[in-house]
Amino acid sequence: MSPERQSHLDLAGLTGDPDTSGPNAARMYDYYLGGSANFAVDRAAAEEQIATLPSVATTARANRAFLGRAVRLCLDLGVNQFLDLGSGVPTVGNVHEIAHQIDPTARIAYVDREPIAVAHARRLLRDESRVSVTQADLTSPRTVLTAPGVTELLDFTRPIAVLAISVLHFVRDEQDPAAVLATYRDACVSGSVLALSHTTTENLAPATVDRGLAIYQRTSTPVIPRPISEAPALLTGYDVLAPGPVRVTEWRPDVEPDPDSAEPVANTWAAFGILP
Ligand SMILES: C[S@@+](CC[C@H](N)C(=O)[O-])C[C@H]1O[C@@H](n2cnc3c(N)ncnc32)[C@H](O)[C@@H]1O
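In this text the structure is predicted, and so the values were computed from the model without any measurement. (Residues numbered from 1 in each chain as written. Predicted model: local features only at pLDDT ≥ 70, side-chain atom pairs only at ≥ 80, totals over all residues. Heavy atoms only, no water.)

Caption draft 1: Up close: the overall build of the protein chain. On a plain count of helices and strands, the protein chain comes out with ten helices and eight strands. Sorting the 276 residues of the protein chain into buried and exposed places 53% on the buried side. Here the analysis covers contacts within the protein chain between residues at least 6 apart in sequence; of these, 75% occur between residues at least 24 apart. Summed over its atoms, the accessible surface of the protein chain is roughly 11900 Å², and 52% of this surface lies on carbon and sulfur atoms. (Helix = DSSP H or I, 4+ residues; strand = E, 2+ residues; numbered from the N terminus. Buried < 20%, exposed > 50% of the residue type's maximum accessible area, 1.4 Å probe, protein only. Contact = heavy atoms within 4.5 Å. Areas by Shrake-Rupley, 256 points an atom, 1.4 Å probe, with all protein chains shown as cover.)

Caption draft 2: A look at the nonpolar core. Among the nonpolar cores identified, the biggest contains 33 residues, and V71, F82, V95, L163 and F272 are the most heavily contacted of them. Mapped onto this core, the elements with two or more residues apiece are α3 (56-76), α4 (95-102), β2 (107-112), α5 (115-124), β3 (131-135), β4 (161-165), β5 (193-199) and β8 (268-274). At eight residues, α3 tops the list of elements feeding residues into this core. Excluding residues within four positions of it along the chain, V95 makes contact with L67, V71, F82, D84, I108, Y110 and L163. L138, V144, A147 and Y184 belong to the second-largest nonpolar core, a separate cluster that totals 32 residues. (Core = buried A, V, L, I, M, F, W, Y, C linked by side-chain atoms within 4.5 Å.)

Caption draft 3: Looking closely at the packing of aromatic side chains. Tallied over the entire structure, the rule returns two aromatic pairs. When the centroid spacing of 5.2 Å and the interplanar angle of 85° are considered together, the rings of F66 and W251 count as edge-to-face. Pair noted here: F66 is in helix α3 and W251 is in the loop between β7 (246-247) and β8, with a separation of 185 residues, a long-range link. Judged by its relative accessible area of 1%, W251 falls in the buried class. Through a chain of ring-to-ring contacts, the aromatic side chains of F66, W251 and F272 assemble into a single cluster. (Phe/Tyr/Trp six-rings, centres within 6.5 Å; stacked < 30°, edge-to-face > 60°.)

Caption draft 4: Here's a closer look at the site of the ligand. Around the ligand sit 17 residues in total, of which Y29, R64, G86, D112 and D137 are the nearest. Side-chain polar atom of D112 to an oxygen atom of the ligand: 2.6 Å apart, as the coordinates give it. R113 is positioned such that a nitrogen or oxygen atom in its side chain is 3.3 Å from a nitrogen atom of the ligand. Here the ligand loses 98% of its free accessible area of 590 Å² to cover by the protein chains. Broken down by secondary-structure element, the contributors of at least two residues to the shell around the ligand are α1 (25-32) and α3. Looking at the shell around the ligand residue by residue, the classes come out as seven nonpolar, five polar and five charged. (Near = heavy atom within 4 Å. Polar contact = N/O pair within 3.5 Å; in protein donor to acceptor, adjacent residues only side chain to side chain. Nonpolar A, V, L, I, M, F, W, Y, C, P; charged D, E, K, R; others polar.)

Caption draft 5: View of the confidence of the model for the protein chain. Taken residue by residue, the protein chain gives an average pLDDT of 90. The fraction at 70 or more is 90%. Long-range and interchain partners of residues 1-8, a stretch whose pLDDT sits below 50, account for 13 contacts in this model, where long-range means more than four residues apart. (pLDDT = per-residue confidence, 0-100.)

Caption draft 6: Representation of the pattern of salt bridges within the structure. Enumeration according to the criterion identifies ten salt bridges in this entry. Put simply, E48 and R218 hold a salt bridge, and the shortest N to O gap is 2.8 Å. Of this pair, E48 sits in helix α2 (residues 40-52) while R218 is found in the loop between α9 (206-217) and α10 (231-234), placing the two residues 170 residues apart along the sequence. Residue E48 is classed as partly exposed on the basis of its relative accessible area of 35%. Linking R158 and D155 is a salt bridge whose minimum nitrogen-to-oxygen distance equals 3.8 Å. Each of R27, D42 and E114 takes part in salt bridges that share partners, so that together they form one network. (Salt bridge = Lys/Arg side-chain N within 4 Å of Asp/Glu carboxyl O.)

Caption draft 7: Up close: the packing of α3 against α4. Axis separation between α3 and α4 bottoms out at 10 Å; the angle between their running directions is 35°. Classified by chirality, the crossing of α4 by α3 is right-handed. Note on element contacts: α4 touches α3 through V95, I98, A99 and I102, opposite L67, G68, V71, R72 and L75. In terms of residue class, the contact of α3 with α4 is made up of seven nonpolar, one polar and one charged. (Axes fitted to C-alpha atoms, helices over the stretch in contact; angles between N-to-C directions. Left-handed = near helix turned anticlockwise from the far one by under 90°.)

Caption draft 8: Highlighting the side chain of D42. For D42, the position within the fold is in helix α2. Within the structure, the side chain of D42 is placed 2.7 Å from the backbone nitrogen of F39, a separation counted as a polar contact. Not counting residues within four places of it along the chain, the set of residues in contact with D42 comprises G22, P23, N24, R27 and M28.

Caption draft 9: Representation of the pairing of β4 in the model. With five of five residues buried, β4 lies mostly within the body of the structure. Burial along β4 is two-sided: A161, L163 and I165 facing one way and V162 and A164 facing the other are all buried. Judged from the three bridges that link them, strand β1 (residues 81-85) and β4 form a sheet pairing that is parallel. Bridging across to β4, D84 finds its partner in L163. (Pairing = 2+ DSSP bridges.)

Okay, here's the thing in structure tokens:
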């Protein structure tokens, strides 16, 4: 199938063969956020998901807001190096934009496996200093940790913030996400950070869960939701900061949520840990 390409989706520098024969989670997420780095096939699947679970776009925005709060907290803590695993298609409020507003010397290594997200990121970031984009699979931590875009930018003798934001639910149980994160943890020194958020289906009706997961099952990126009770295993070795693993909207919100708000509840949890 010939993908429908939007004029501004410049894929120059594409490495690897993007799978445009079916929808992809990176590009669906971009669509939820109002981006344009997506194809008709992604938009159709995303619309189906929105019809199934109307809170999906709100959740995506809440997740991006958490990302911003986590980056700012890292800088408050003096951590100005970021390894952003599953960084996605660059959109509003990227890590380097937030970080460089506060600390222009901050360094950001973006990592994603999706060729179109990577090509788009490379094009948008080509004039940025102190930013790199690496195409790699985060479940091969040794590959990521030895990639030039990572080793030439980040100083592993100083604290690093590992960001795994809304990505581990694409890692299957047999790939052992906790062990993957432990490899990154062991490459980092004391004072380093792990910030993560993860999709959960807690509080959703079973029929909604079945329909929603079936949509992602048809993509190259099926989703594996995990309950908040699995957060501690993923954060092994880190001191988890208050309020602990909580729903993403409840993690140190800039504005306290209105209990009477009709805003749908985000089906993602978030947590932030510091390596002692
Ligand atoms: C939902 S998006 C999240 C983007 C960004 N972290 C955020 O929170 O806004 C998930 C991203 O993770 C990427 N991804 C999924 N599995 C991955 C893997 N095993 N290695 C690297 N990237 C992965 C996808 O390509 C997609 O761009």
